[in-house]
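Structure at a glance
Below, each chain spelled out in residue letters.
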Amino acid sequence: MPQSIIDRLVEHSLDTPFERFDAEVIAAAKMRLIDALGCTVSGSHGAGNDAFAAVVRNLGSAPQASVVASNEKLALPYAAMINSLQCRTFDFEVCGPEPEGSNAGKMVGHVGSTTEPTALSVGEFTHASGRDLLAAVILGGDVAARISVGNTFNFNADFEVCGTSNAFGATVVAGRLLGLNHDQLRNAFGILLNLMAGSYQGIWDGVPSFKLPGAMAAFNGILSCQLSAGGFGGVTDALESRLGYFHLYADDPQPAALVADLGETFYVRGQHKMHPSCYGNHNAIDCALALKEEHQFDGEDVESVFVDVLPNRIDHFLNQVPTLNDQQPKFLFSIPYSVANVLYRGRPELEHFSEPGIRDPRVLDLTSRVVLRPNLPAGKTHACRVVVLLKDGREFEYFRENPVGWIDDPVTHEDVVEKFWRNITFKGTLSTEQAQRALDLIENLEDVADVAELAACLTLTPQLAVADGSTH
């Protein structure tokens, strides 16, 4: 009988040696870590995060892994869950990793907001080496992305992909770093099947719970592995059984796409955002920036704005106008707000998507005068044309097809490092020396003996206790 997909994924996750990863794959994984961990720092104390952390803290737990940008340690699943929640706070973290080859161009989602924080937490707990961490990030992201392309991505019909695909990725990360064997990881996937899910409604409503699918994926992936290692039994085949993942979660199952070039092509390259907020805002943001720079007008000069988009962007969460009564996440997923913000303030910064920056009455007034029109009959998903009408009668327009950082328009390693420092500076809780040390460790992960040193550099208590009781 042919080997099942779940067994192929387990072998891929556990048996792929570090030596299989070439220099480009390793460099891409490091860029994802720099990006995601910087966003995990800036997301500390973000909307709803303190309330969430207070509930978890009151449950009581063993101090096993660090909460980034704090002086707390919590039980491993809790720490990874909160770190993932922080990473997702501004929707600023790296997207993907993106599929290549026959699956190129297919949507994946925010895998890195789960797999990278999970890898840091589990790596700290197990005192993994940097090579182990890189392997877990590469393989966890690869499997999560493959779960996504095993179904047609549909915001209007699917379960939230961060709660499904990411959960498989987190299970791979945890299983590899915790040292599970083949039967244990297969069983962990079977346990996971009864834990995952999530809804996109949190994005429509603009509420902090939009972050929960990815955060719970971190928790559920680790818990599944811990339960499996402890002898708890799960479903035999999490993917292809009668009521498995393909049946329950995939409206358009594509098993062959999931395993295409498995073990030959690693889905590892991230799509690195240069602005906070949903990637669906970014072309409109960059169009507005280009117009503002070229024609030297200010937000006060603007009468109205039209954003021409594909028809599917009209009945869409991105086409909502946030008001004073809305919570912070609503502003992350609004093209009208993102454009109005640029026309008044220039390049979007994290403070523009935080309290009290989101309450600027000038920006909110202009937001109400930004109108989306279904005037692009065909093209790439994020294509848009921004048309600005000034009060003096002048009219300017600008068109973009691909967002900056998208796989068709990639950014450089230096761009991602600059983004890391934007996150560090915004939060202001870590010293420059700590942050630089963390960056240096990521850049040289192959030579890092203990990932706990990296985790320590990202907390408010940067000394690392090692096995002999000394610190450094």
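To start, this report covers the structure provided alongside it.

Conventions used here
Residues numbered from 1 in each chain as written. Predicted model: local features only at pLDDT ≥ 70, side-chain atom pairs only at ≥ 80, totals over all residues. Heavy atoms only, no water. Phe/Tyr/Trp six-rings, centres within 6.5 Å; stacked < 30°, edge-to-face > 60°. Helix = DSSP H or I, 4+ residues; strand = E, 2+ residues; numbered from the N terminus. Buried < 20%, exposed > 50% of the residue type's maximum accessible area, 1.4 Å probe, protein only. Lys NZ or Arg CZ within 6 Å of the ring centre and 35° of its normal. Disulfide = S-S within 2.5 Å. Pairing = 2+ DSSP bridges. Axes fitted to C-alpha atoms, helices over the stretch in contact; angles between N-to-C directions. Contact = heavy atoms within 4.5 Å. Core = buried A, V, L, I, M, F, W, Y, C linked by side-chain atoms within 4.5 Å.

Describing the packing of aromatic side chains
Summed over all chains, the structure comprises 21 aromatic pairs. A ring pair is formed by Phe317 and Phe333, whose centres lie 6.0 Å apart and whose planes are at 85°; its orientation type is edge-to-face. Highlighted residues: Phe317 in the loop between strand 3 (302-308) and helix 14 (328-332) and Phe333 in the loop between helix 14 and helix 15 (335-345), separated in sequence by 16 residues. Given the relative accessible area of 3%, Phe317 is considered buried. Their ring planes at 85° and their centres at 4.9 Å tell us that Phe331 and Tyr337 sit as a pair that is edge-to-face. The class for Phe331 is buried, based on a relative accessible area of 0%. Overall, the relative accessible area of 0% leaves Tyr337 in the buried class. Taken together, Phe153, Phe155, Tyr200, Trp204, Phe210, Phe317 and Phe333 form an aromatic cluster joined through their ring pairs. For the cation-ring pair, Arg146 lies above Tyr267, with the distance from its terminal atom to the ring centre recorded as 4.1 Å.

Considering the state of the cysteines
In this structure the tally under the stated criterion is zero disulfides. Summary of cysteine pairing: Cys95 is not part of a disulfide, and the nearest cysteine sulfur, belonging to Cys278, is at 7.7 Å.

Structural notes on the sheet that holds strand 4 (residues 370-373)
Spatially, four strands are ordered 4-3-5-6 in an open sheet, and the strand pairing comes out mixed. If you trace the sheet from one side to the other, it starts and ends with strand 4 and strand 6 (395-400), each paired once. Going from strand to strand, the sheet's axes swing by 20° on average, the running direction of each strand aside. Note: strand 3 against strand 4, four bridges, orientation parallel. Across the sheet, Val307 pairs through a bridge with Leu372, a residue of strand 4. Taken strand by strand, helix 13 (residues 282-295) contacts strand 3, strand 5 (384-390) and strand 6, and its axis lies near 135° from that of strand 6.

Some details on the environment of Ala452
By secondary structure assignment, the location of Ala452 is in helix 19 (residues 452-457). Sequence separation between Ala452 and His295 is 157 residues, and the spatial gap between their C-alpha atoms is 50 Å.

Overview of the nonpolar core
Formed by 93 residues in total, the largest nonpolar core has its most connected members in Phe21, Phe168, Phe189, Leu239, Tyr245, Leu454 and Leu458. Dropping the residues within four chain positions of it, Tyr245 is found in contact with Ile147, Thr164, Phe168, Leu193, Met196, Ala238, Leu239 and Ala250. One finds Val161, Leu289, Phe353 and Phe396 within the second-largest nonpolar core, a separate group that totals 48 residues.

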